[in-house]
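# Reading the structure
Now for the letters of each chain:
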Amino acid sequence: MFVLICATLLFSVRGIHAETGASVWGRQYCQAGTYCITLSEADITAEAGLCVVIPCSFSTATAFITQHIVWFKCKTSNRKCGDSDIIFHSNKYNTKVQSLFKGRVSLLQPDVSQGNCSIIINDLTESDSGAYQLRVNGLLDGYSDGLTYTERAVLSVKGLTQKPSVMIPPLTEGQQTTLTCTAPGLCSGSDPKFTWTWRGAGEKDSQITGNITAFKTENLTAVTQSHSSTLTFNPSAEHHNSSVTCEVSFRNNITAEETVTLNVTFYPKILNSSKCEVQSGVLTCVCISKGIPLPYIIWPLLNNHSEYSVITTVSRQTIHSTLTVKDHSNTFVECVGRSKVGEVQHTIPVITSPKREADQHGSSAQLPWVVVAVSLFVNVISIILIMFLWHTRKKVKPNQEDRMYMSIKKTDVSSDYEVIARPLN
């Protein structure tokens, strides 16, 4: 597109006349002898939402004075376009221009006497595809005259595939920076709308915080412009590896977007989860540091010790360093995180831990089993004793009194007994 615009602008300066024949960008067609037009030899392609230049030059009879240029768009099956097909008229007072093209078409060279009939069409839609025909109106020997050129320029508009370009300078935590998003195309039509969105790890899209300049225009030529938006913010560690999207919206709901990943450099940090503890006379310290680039950890304590153990593990932008040392008298231990972009120092208090929980509760963990065993033993003894007593009781002979009983039977009862048995008065 830019090359085509440059070629057109070059043509607007030099001009192409009938006697020069075919130009480097098109082919010349003549009719009525001296009325010639030079158009692109191949079909012109463009994308919706952007703009296109239809390069064109013309020549007329020497006695013809050009006053106005008229462009039409009609079906290729029509030999000649009519007034209802007008898309541009250099006479601004002409009211026959189609409403869909008003304000979207302009000449690259306003001076029609220069023989430059090139036009730029902004805010393209796919419906702009078709054949474009030129007519020149003027005076011939003092009388109104005009000519419609038979040859036409063919334009094909397809869906937008170009993306915005996003410029990202080096990002350092805490240092204000500016991102720049430039819209595709170099068009002087309607201003596009810019939208910035940010997505952190595992998060939904959200509007990014910062000072956004909604629009910036840079005039490259009389008919071309560069549209851009800038985003100024203070990067932090949370922005590292996050995604920023710049969306550009053109007329007719045509949009394009570009997504970039931020790479933020930040001064190492030591996390609060770092700790030191003493257990059974052994000091164990864990220092956890993060940073981009990845820092390394230094233990100044080791300057005074020859026997120690250091184990280091790395996960993403986090480094874990575990220090083990004996024979110490420190109440605080210093941990240093260092990288090429900075250094951070952190003092970790030493905590003396009691015996491990397993040691503290080892005996109590065995107590239930002792209770069960003792209880089982007591129950067994009790059962044996009860059985013994029961067995012993069965072997003892009962007393004679327990075995005696009386049987009284009355046979011959004397009167004496009767008297005895009679109740006393």
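Residues numbered from 1 in each chain as written. Predicted model: local features only at pLDDT ≥ 70, side-chain atom pairs only at ≥ 80, totals over all residues. Heavy atoms only, no water.

## Quick look at the overall build of the protein
What the protein contains, in helices and strands, is five helices and 28 strands. The 425 residues of the protein split such that 37% are buried. Residue pairs in contact within the protein that sit at least 24 positions apart in sequence constitute 58% of those at least 6 positions apart. (Helix = DSSP H or I, 4+ residues; strand = E, 2+ residues; numbered from the N terminus. Buried < 20%, exposed > 50% of the residue type's maximum accessible area, 1.4 Å probe, protein only. Contact = heavy atoms within 4.5 Å.)

## Some remarks on the sheet that holds strand β9 (residues 119–121)
The three strands lie next to each other as β4-β9-β8, forming an open sheet whose pairing is antiparallel. Looking along the sheet, the strands with just one partner apiece sit at the ends: β4 (52–54) and β8 (105–107). Looking at each pair of strands side by side, their axes are set apart by 25 degrees on average, direction ignored. Sheet topology note: the β8/β9 ladder contains three bridges and is antiparallel. The residue bridging Ser106 from the neighbouring strand is Ile120, located in β9. (Pairing = 2+ DSSP bridges. Axes fitted to C-alpha atoms, helices over the stretch in contact; angles between N-to-C directions.)

## Regarding the environment of Ala256
With respect to the secondary-structure elements, Ala256 resides in strand β20 (residues 254–261). Look at Ala256 and you get buried, because its relative accessible area is 8%. Ala256 sits 207 residues away from Gly49 along the chain, and the two C-alpha atoms are 9.3 Å apart.

## Brief notes about the packing of aromatic side chains
According to the stated counting rule, one finds one aromatic pair in the structure shown. Taking 6.0 Å as the distance between ring centres and 75 degrees as the angle between the ring planes, the aromatic pair formed by Tyr35 and Phe64 counts as edge-to-face. Note that Tyr35 is positioned in strand β2 (residues 35–40) and Phe64 in strand β6 (residues 64–74), a separation of 29 residues in sequence. With a relative accessible area of 10%, Tyr35 lands in the buried category. For the cation-ring pair, Arg104 lies above Phe101, with the distance from its terminal atom to the ring centre recorded as 4.7 Å. (Phe/Tyr/Trp six-rings, centres within 6.5 Å; stacked < 30°, edge-to-face > 60°. Lys NZ or Arg CZ within 6 Å of the ring centre and 35° of its normal.)

## So, the pairing of strand β19 (residues 243–250)
In terms of burial, β19 is a largely internal element, six of the eight residues being buried. In terms of strand pairing, strand β15 (residues 193–199) meets β19 through seven bridges, oriented antiparallel. Counterpart to Arg199 in the pairing with β19 is Ser243. Sheet topology note: the β19/β20 ladder contains eight bridges and is antiparallel. Following the sheet pairing, Cys246 is matched in β20 by Glu258. If you look at the hairpin formed by β19 and β20, you'll find three residues sitting between the two strands, and Asn252 has a positive phi there, around 65 degrees.

## Observations concerning the nonpolar core
By size, the foremost hydrophobic cluster in this structure holds 59 residues, and its most contacted members are Ile69, Trp71 and Leu134. Looking at this core, the element that brings in the most residues is strand β11 (residues 143–158), giving five residues. Among residues more than four places away in sequence, those in contact with Trp71 are Leu39, Ile54, Cys56, Asp85, Ile86, Ile87, Phe88, Cys117, Ile119, Tyr132, Gln133 and Leu134. Of all hydrophobic cores here, the second largest spans 17 residues; its members include Ile270, Cys276, Ile297 and Leu302. (Core = buried A, V, L, I, M, F, W, Y, C linked by side-chain atoms within 4.5 Å.)

## Quick word on the state of the cysteines
Each disulfide is one covalent bond, formed between the sulfur atoms of two cysteines. Summed over the entire model, instances satisfying the criterion amount to seven disulfides. Here Cys56 pairs with Cys117 through a disulfide, and the sulfurs are 1.8 Å apart. Residues Cys56 and Cys117 are joined through a disulfide that is left-handed, its torsion about the S-S bond being -80 degrees. Placement of Cys56 in strand β5 (residues 56–59) and of Cys117 in the loop between β8 and β9 is noted, with a sequence separation of 61 residues between them. Comparing Cys56 with Cys117, the two get one shared label, buried. What pairs with Cys181 in a disulfide is Cys246, and their sulfur atoms sit 2.0 Å apart. Around the S-S axis, the bridge from Cys181 to Cys246 shows a dihedral of about -85 degrees and counts as left-handed. Residue Cys181 is located in strand β14 (residues 177–182), and its partner Cys246 is located in strand β19; the two are separated by 65 residues in the primary sequence. Like Cys246, Cys181 is buried. (Disulfide = S-S within 2.5 Å.)

## Structural notes on the pattern of salt bridges
Overall, the coordinates contain five salt bridges when judged by the stated rule. Between Asp128 and Arg104 there is a salt bridge, and its shortest N-O distance comes to 3.0 Å. Residue Asp128 is found in the loop between β9 and β10 (130–140), and its partner Arg104 is found in the loop between β7 (86–89) and β8; the two are separated by 24 residues along the sequence. Among the residues examined, Arg104 registers a relative accessible area of 7% and is labelled buried. Note that Arg338 is salt-bridged to Glu343, the shortest N-O span being 2.5 Å. Residue Glu343 is classed as partly exposed on the basis of its relative accessible area of 39%. (Salt bridge = Lys/Arg side-chain N within 4 Å of Asp/Glu carboxyl O.)

## Structural notes on the confidence of the model for the protein
Taken residue by residue, the protein gives an average pLDDT of 79. The fraction at 70 or more is 75%. Per-residue pLDDT stays below 50 along residues 394–425; that stretch engages in two contacts with residues further than four places along the chain or on separate chains. (pLDDT = per-residue confidence, 0-100.)

## Remarks on a nonpolar patch on the surface
Nonpolar side chains collect at one region of the surface, where Leu376, Phe377, Val380, Ile381 and Ile384 lie side by side and expose about 490 Å² of accessible area between them. Inspection of the secondary structure puts Ile384 in helix α3 (residues 362–395). (Patch = residues over 30% accessible without salt bridge, like charges linked within 9 Å, V, L, I, M, F, W, Y side chains within 5 Å. Areas by Shrake-Rupley, 256 points an atom, 1.4 Å probe, with all protein chains shown as cover.)

## Comments concerning the environment of Val264
In this structure, Val264 sits in strand β21 (residues 264–270). Residue class for Val264 comes out buried when judged on its relative accessible area of 0%. Apart from the residues lying within four places of it in its own chain, the contact partners of Val264 are Leu171, Thr172, Glu173, Pro235, Ser236, His239, His240 and Ile292.

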